[in-house]
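# Inside the fold
One-letter residues, chain by chain:
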Amino acid sequence: MKDADIQDLSFDDWDELKFPRKTTQDFDEVVERAISRRGFLGSVLAFGSGAAVMGTGLLKGTTAMAGQSSRFAFDQLAPQTDGTVHVPDGYKWDVLVRWGDPLFSDAPEWDATTGIPTEGSDRVFGENTDGMELFHKGGTELLVVNSEYPNPKINLAVEQEGASMSADDVVRLQNFQGVSVMEVTEGENGWEVVVDSPYNRRIHHRTPMIIDGPAAGHDLLKTDDDPTGAASLGTFNNCGSGRTPWGTYLTCEENFNGYFGTTEELSLDDVHAASFKRYGVNTDVEPGRYNYHSFDARFDISKNPNEPHRAGYIVEIDPWNPDATPVKHTALGRFKHENAAYALSPEGQVVVYMGDDERGEYMYKWVSRDIYVPGGDTSTLLSEGQLHVAKFNDDGTGIWIALTPEDTGMTQAEISVFTRMAGTAVSATTMDRPEWIAVNPTAVEAYCCLTNNSRRGATNDDGSIRTNAAGEPMVPNAPNPRELNNYGQIVRWRPHNDDHGASTFDWDLYVMAGNPTVHSDGPYAGSANINAGNLFNSPDGMQIDTTGLIWIQTDGDDDNEGDFAGMGNNQMLAGDPVTGEIRRFLTGPNGCEVTGLTWSADRRTMFVGIQHPGSPFPDGEGSLPRSSIIAVKRDDNALVG
Ligand code: FEO
Ligand code: CA
Ligand code: CA
């Protein structure tokens, strides 16, 4: 494969290229188990290889209420396949900010065909918008937004076809990623960024960071540039977001492995060999996706084998202090962090739910040692406490297993750096790519999007089941019951004793995406709350609003053909947690992922992220496509969440 073609691959496809299966198995070869779709929400089901027994359908107290009127304030939007955004009648949208728009008046001017030059590329809104949170104080509103990864083919000179060919290219890519902090305001012309606000800030791949928690200062984190092992540069592949009750922003480092490579054949010790294998760091001598390592030795693992150990964390940023150094919290573990959803236990402990978005990896939960007291000391709440990993039982119960030195055989620092290995040591449940987790503010429950897993139950040449990177076979299990799961599902759990700090819970599946118009019955038809009108695949982003409505964003196959016929472009839907009803609200331009959602202080505007549109959105023909944040409002300016 040419380097230029590598730029077009999704992270999943790149992973498949690097770690190919031994054979292919056609979707049609899968023997569908007989299930009753009608019974899904409200009774026990059995399907999937090994007849994994489903949970209890809707959890107690959430039985669908026949005849209840819909809670949605909009009519369902039809699927769309064009190059723009659609919202239901009674709503409108406008662009707030696009990749390359200035945060400061000295930023370089956007060029419709070449974008932004390297000089000043850290003075504009970053590329590939993802997780975001809005903070407000007095009349000031700050929007803090992740820029997940760059699209080198449109960031670099056209003739380079996406290949970094100089240190200057690398700096430009590094500047377009990370986090943008910007003041926003609503005036007569709608929402806009306050250029030159003293709060505006860009954090990118070279911004100084503090490392805290059990791994800070450990030999595994020391490099030539940082012999302390406690001061790194940059935050990487900032995917989903989170916030703390004390008003700071959490950015989540996901596919950090893709930024590292080697310029020489490697001779690795056992620790580094196991580390790179489990976390997917490329050990072959090749340019890879970004080719940082050829021009910036920090990313060359033949020279700096510990640098990858300094990425893959939850990073805390104080949006109100542009001079504050971001903090990497190693206590919350190192994996491909999707987002961070907090809750408080009844006693006031801080609970943070987190997913590791890779096929067959796990879900985690942090519980602080100390309690949160408004206005009190918060300095220990993300560094002193206990990290847990999820084990789902077939009977609809589950356990958060504490990752302790006693049970994992690892030191506390090793648990923080090699968290995936710690999860394997205690037999955590392999999941279908945990994406966003959302906590319901109106009920003691949480939800996680399990976006898809094409390798679940797939076989190798010898008939063995494909494994995750730990070598665990990804056989279907209760919360991940489908072989070759190309549609995804959303799992929900309720902690026992109404306590998010509790170590046990009950769970069920809120929805199983599918296509009943293509598969009339069986697991690929989806659950009973999927119908011809609300088809979607690959749930990913998720937030629950103050009224308890679940907003689901998708990052899936949008070719609208075959198994995906009738789904259209990626989209955002709303779900009722009580009745299970799901209704399409918004569609993005073709090729895009809809990701990132937050609300204005007055809750009359939803900010929605449109990442990597496949059309020249939003500027139109003749312009490069630009990831953008849009502001969605009701025509009557009523509340939207
Ligand atoms: Fe960056 Fe798993 O999405
Ligand atoms: Ca995502
Ligand atoms: Ca995704």
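Anything mentioned here points back to the structure above.
This report concerns the structure included in the present document. (Residues numbered from 1 in each chain as written. Chains lettered and ligands numbered in written order. Predicted model: local features only at pLDDT ≥ 70, side-chain atom pairs only at ≥ 80, totals over all residues. Heavy atoms only, no water.)

### Some words on the overall build of the protein
Test applied: Numbering goes from the N terminus for both helices and strands, where a helix is a DSSP run of H or I of at least four residues and a strand is a run of E of at least two. Throughout, exposure labels follow a simple rule: accessible area from a 1.4 Å probe, protein chains only, divided by the maximum for the residue type, with under 20% read as buried, over 50% as exposed, and the rest as partly exposed. We call two residues contacting when some pair of their heavy atoms lies within 4.5 Å. The accessible surface values rely on the Shrake-Rupley method and a 1.4 Å probe; as for residues, cover is taken only from the protein chains in view. Positive: Lys, Arg. Negative: Asp, Glu. His and the chain ends are not part of the count. Lysine's charge is taken at NZ, arginine's at CZ, aspartate's at CG and glutamate's at CD.
Tallying secondary structure elements over the protein gives eight helices and 28 strands in all. Taking all 641 residues of the protein together, the buried fraction comes to 61%. Long-range pairs, those at least 24 residues apart, make up 65% of the contacts in the protein between residues at least 6 apart in sequence. When the accessible surface of the protein is totalled, it reaches about 22,000 Å², and 48% of it is carbon and sulfur. Where the 48 positive side-chain charges of the protein centre and where its 96 negative ones centre are 3 Å apart.

### Quick word on the side chain of N238
Relative to the helices and strands, N238 resides in strand β9 (residues 238–243). Since its relative accessible area comes to 0%, N238 is described here as buried. Leaving out residues up to four positions away in the same chain, N238 has contacts with D130, N146, S147, E148, G178, V179, T251 and C252.

### Quick word on the coordination of the calcium ion (ligand 2)
Put simply, the rule is: Listed donor atoms are N, O and S within 2.8 Å of the metal (Na, K and Ca: 3.2 Å). As water is not included, a site may look incomplete.
Taken together, E338 (OE), E435 (OE), D540 (OD) and D540 (OD) make up the protein donors of the calcium ion (ligand 2), found 2.3 to 2.7 Å from the metal. Sequence spacing of the donors to the calcium ion (ligand 2): E-x96-E-x104-D. Separating the calcium ion (ligand 2) from the calcium ion (ligand 3) is a gap of 3.9 Å, which E435 spans by donating to each of them. Placement of the pair is E338 in strand β13 (residues 337–344) and E435 in strand β18 (residues 434–439), with a sequence separation of 97 residues.

### Side note on the pattern of salt bridges
Note on pairing: side chains with opposite charge can pair once their charged atoms come close. Defined as follows: Criterion for a salt bridge: a side-chain nitrogen of Lys or Arg within 4 Å of a carboxyl oxygen of Asp or Glu.
Per the stated rule, a full pass over the model turns up 28 salt bridges. Here E253 and K328 are joined by a salt bridge, their closest N and O atoms 3.0 Å apart. With E253 in strand β10 (residues 249–253) and K328 in strand β12 (residues 327–329), the pair connects residues that are 75 residues apart, well separated along the chain. Residues joined in a network through salt bridges with shared partners are R278, K336, D356, E358, E361 and R420.

### A word on the sheet that holds strand β11 (residues 314–317)
Short version of the rule: Two strands are said to pair when DSSP picks up at least two bridges between them. In this analysis, axes come from line fits to C-alpha atoms, helices being fitted only over the stretch in contact, and the angle between any two N-to-C directions falls in the range 0 to 180 degrees.
Pairing is mixed across the open sheet formed by six strands, whose spatial order is β8-β7-β12-β11-β10-β9. The sheet is open, and its two edges are formed by β8 (231–233) and β9, each paired on a single side. Strand-to-strand, the axes of this sheet are offset by a mean angle of 35°, without reference to chain direction. As paired elements, strand β7 (residues 208–212) and β8 share three bridges and run antiparallel to each other. Counted as the bridge partner of I210 is A231 from β8.

### Topic: the coordination of the calcium ion (ligand 3)
Reference geometry at the metal: tetrahedral coordination by four donors gives ideal angles of 109.5 degrees; octahedral coordination by six donors gives 90 or 180 degrees. All of the protein donors around the calcium ion (ligand 3) are E435 (OE), D540 (OD) and D555 (OD); their distances to the metal are 2.3 to 2.4 Å. Within one chain, the residues serving as donors to the calcium ion (ligand 3) are arranged as E-x104-D-x14-D. A relative accessible area of 25% places D555 in the partly exposed class.

### Here's the deal with the sheet that holds strand β22 (residues 539–544)
Strand order in this open sheet of four strands is β22-β23-β24-β25, and the pairing throughout is antiparallel. With partners counted over all chains shown, the strands left at the sheet margins are β22 and β25 (582–587), one partner each. When strand polarity is set aside, the average angle formed by the axes of neighbouring strands in this sheet is 25°. Direction of pairing for β22 relative to strand β23 (residues 550–554): antiparallel, over a ladder of four bridges.

### A look at the side chain of N257
On the secondary structure map, N257 appears in the loop between β10 and α5 (270–279). When its relative accessible area of 4% is taken as the criterion, N257 is described as buried. Not counting residues up to four positions away in its chain, the partners in contact with N257 are W14, Y279, G280, V281 and K336.

### Some remarks on the packing of aromatic side chains
This is how the line gets drawn: Put simply, two rings from Phe, Tyr or Trp (the six-membered ring, in Trp's case) pair if the centres are within 6.5 Å, and we call them stacked under 30 degrees between planes, edge-to-face over 60, tilted for the rest.
One pass over the full model with this rule turns up 32 aromatic pairs. With centroids separated by 5.4 Å and ring planes inclined at 90°, the aromatic side chains of Y199 and W320 adopt a geometry described as edge-to-face. Of this pair, Y199 sits in the loop between β5 (190–193) and β6 (201–203) while W320 is found in the loop between β11 and β12, placing the two residues 121 residues apart along the sequence. With centroids separated by 5.5 Å and ring planes inclined at 35°, the aromatic side chains of F260 and F299 adopt a geometry described as tilted. Of this pair, F260 sits in the loop between β10 and α5 while F299 sits in the loop between α5 and β11, and the two are 39 residues apart along the sequence. Summarising the burial analysis for this pair, F260 and F299 share the class buried. Through a chain of ring-to-ring contacts, three or more aromatic side chains come together here, namely F236, Y259, F260, Y290, Y292 and F299.

### Things to note about unusual backbone geometry
With omega at -5°, the peptide bond leading from F617 into P618 counts as cis. Topologically, P618 is positioned in the loop between β27 (605–611) and β28 (628–634). Look at D196: it is not a glycine, yet its phi comes out positive at around 70°. With respect to the helices and strands, the residue D196 is situated in the loop between β5 and β6. Judged by its relative accessible area of 39%, D196 is partly exposed. Notably, N291 is not glycine yet its phi reads approximately 60°, a positive angle. Among the structural elements, N291 can be located in the loop between α5 and β11.

### Remarks on empty space enclosed by the protein
Over the atoms rolls a probe the size of a water molecule, and its path tells where empty space is left. To keep it simple, the criterion reads: A pocket, in this scheme, is an open set of points on a 1 Å grid over the protein atoms alone with protein on both sides within 12 Å along at least 5 of 7 lines, while a cavity is a set where a 1.4 Å probe fits but cannot get out; residues line either one if an atom lies within 4 Å of a point. Grid points are joined across faces, edges and corners, and a volume is the space filled by probe spheres set on the points.
Counted under the stated rule, the structure contains two cavities of 30 Å³ or more. Of the pockets and cavities examined, the second largest cavity occupies roughly 40 Å³.

### Quick look at the layout of surface pockets
Going by this rule: In this classification, Asp, Glu, Lys and Arg are treated as charged, Ala, Val, Leu, Ile, Met, Phe, Trp, Tyr, Cys and Pro as nonpolar, and every other residue, Gly included, as polar.
Roughly 850 Å³ of volume is contained in the second largest pocket. In terms of lining residues, the second largest pocket is bounded by 41 residues, among which R243, Y342, P441, Q543 and I544 are the most central. Of all elements in the fold, only β2 (129–137), β9, β13, β18, β22 and β26 (593–599) reach the threshold of two or more residues within the lining of the second largest pocket. In terms of residue class, the lining of the second largest pocket is built from 21 nonpolar, 13 polar and seven charged.

### Thoughts on α5
In plain terms, the rule: Arc, as used here, means the arc of the directions from the helix axis to the C-beta atoms. Residues adjacent in sequence count toward polar contacts only when both atoms are side-chain atoms; beyond that, a polar contact is any pair of N or O atoms within 3.5 Å, and within protein one must be able to donate a hydrogen and the other to accept it.
When we look at burial in α5, the residues that qualify are H272, S275, F276, R278 and Y279. Taken down its axis, α5 places every buried residue within 170° of arc, on the same side. Set apart from the buried face of α5 by more than 90 degrees, the exposed residues are D270 and K277. Looking at the buried residues of α5, the elements they touch are α7 (412–417) and α8 (419–425). Its side-chain oxygen 3.1 Å from the backbone nitrogen of V271, D269 forms the N-cap of α5.

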